[in-house]
Amino acid sequence: MRQALREAERAYAAGEIPIGAVVAFTATGQIIGRGHNQTEQLRDVTAHAEMLALTAAANFVGNKYLHDCTLYVTVEPCVMCAGAAAWAQVPRVVYGTPEPKVGYSRHGQLLHPRCQVVQGVLAAECAALMQRFFAERRK
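Here the structure is a predicted model, which means the values were calculated and not measured.

Attention now goes to the packing of aromatic side chains. Per the stated rule, a full pass over the model turns up three aromatic pairs. Ring geometry for Tyr 12 and Phe 133: centres 6.0 Å apart, planes at 65°, overall edge-to-face. Placement of the pair is Tyr 12 in helix α1 (residues 2-13) and Phe 133 in helix α5 (residues 123-137), with a sequence separation of 121 residues. For the pair shown, Tyr 12 and Phe 133 are each scored as buried. On the basis of an interplanar angle of 65° and a centroid distance of 6.2 Å, the ring pair of Phe 25 and Phe 60 is categorised as edge-to-face. Residue Phe 25 is located in strand β1 (residues 20-25), and its partner Phe 60 is located in helix α3 (residues 49-61); the two are separated by 35 residues in the primary sequence.

The following block contains the structure:
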């Protein structure tokens, strides 16, 4: 999760909503995909941290399925990103802080039923970065 937070800091520095994600092999922890929000930079509404990390991981393993991986993300994934994780058959998703407005959990079960979800990892740090970003934007 610390690596996902580093990615979120990169997004923050670029003026993007500060969300970061990494995909790692579950058994070894080796990071095989990284991403941070780049929707403004790329002018692409799908350029979410999770989408970029999942794509990088799939390219690394040479397969669209990420059966032996964990997705770490600083903020609860949205519907699109949860759907992508489900289609990639990611068996484990770990996120920091909930997203009460657009988080996937508001919309029912979108991840694979066997997917293990761990919430609240470094939640205070993840939430603080989001709060700082939006407080500065509202000034």
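What follows continues from the structure just given.
Turning to the sheet that holds β1, a few remarks are in order. Spatially, β2-β1-β3-β4-β5 is the arrangement adopted by the five strands of the open sheet, whose pairing is mixed. The open sheet has two edge strands, β2 (31-36) and β5 (116-119), and neither has a second partner. Sheet twist, expressed as the average angle between the axes of neighbouring strands with direction ignored, equals 15°. As paired elements, strand β4 (residues 92-97) and β5 share four bridges and run parallel to each other. Bridging across to β5, Tyr 95 finds its partner in Gln 119. Across the sheet, α5 touches β3 (69-75) and β4, and the angle it forms with β4 is around 60°.

Glancing now at the UniProt feature "binding site: Zn(2+)" (unreviewed entry) in the protein chain. Per the UniProt record, "binding site: Zn(2+)" (unreviewed entry) is annotated on His 48, Cys 78 and Cys 81. Despite a sequence span of 34 residues, these residues sit close together in the fold, their greatest C-alpha distance being 9.2 Å. The topology assignment puts His 48 in the loop between α2 (39-42) and α3. If near-sequence neighbours (up to four positions away) are discounted, His 48 is found in contact with Asn 37, Thr 39, Cys 78, Met 80 and Cys 81. Non-local contacts of Cys 78, meaning those with residues more than four positions away in its chain, are made with His 48, Glu 50, Val 102 and Tyr 104.

Turning our attention to the side chain of His 36. With respect to the helices and strands, the residue His 36 is situated in strand β2. Polar side-chain contacts of His 36 include one of 3.0 Å to the side chain of Glu 7. Apart from the residues lying within four places of it in its own chain, the contact partners of His 36 are Glu 7, Arg 10, Ala 11, Ile 19, Gly 20, Ala 47, Ala 49 and Leu 52.

Each value, and the rule that gives it
Residues numbered from 1 in each chain as written. Predicted model: local features only at pLDDT ≥ 70, side-chain atom pairs only at ≥ 80, totals over all residues. Heavy atoms only, no water. Phe/Tyr/Trp six-rings, centres within 6.5 Å; stacked < 30°, edge-to-face > 60°. Helix = DSSP H or I, 4+ residues; strand = E, 2+ residues; numbered from the N terminus. Buried < 20%, exposed > 50% of the residue type's maximum accessible area, 1.4 Å probe, protein only. Pairing = 2+ DSSP bridges. Axes fitted to C-alpha atoms, helices over the stretch in contact; angles between N-to-C directions. Contact = heavy atoms within 4.5 Å. UniProt positions renumbered as here; feature names shortened; annotations may be inferred. Polar contact = N/O pair within 3.5 Å; in protein donor to acceptor, adjacent residues only side chain to side chain.

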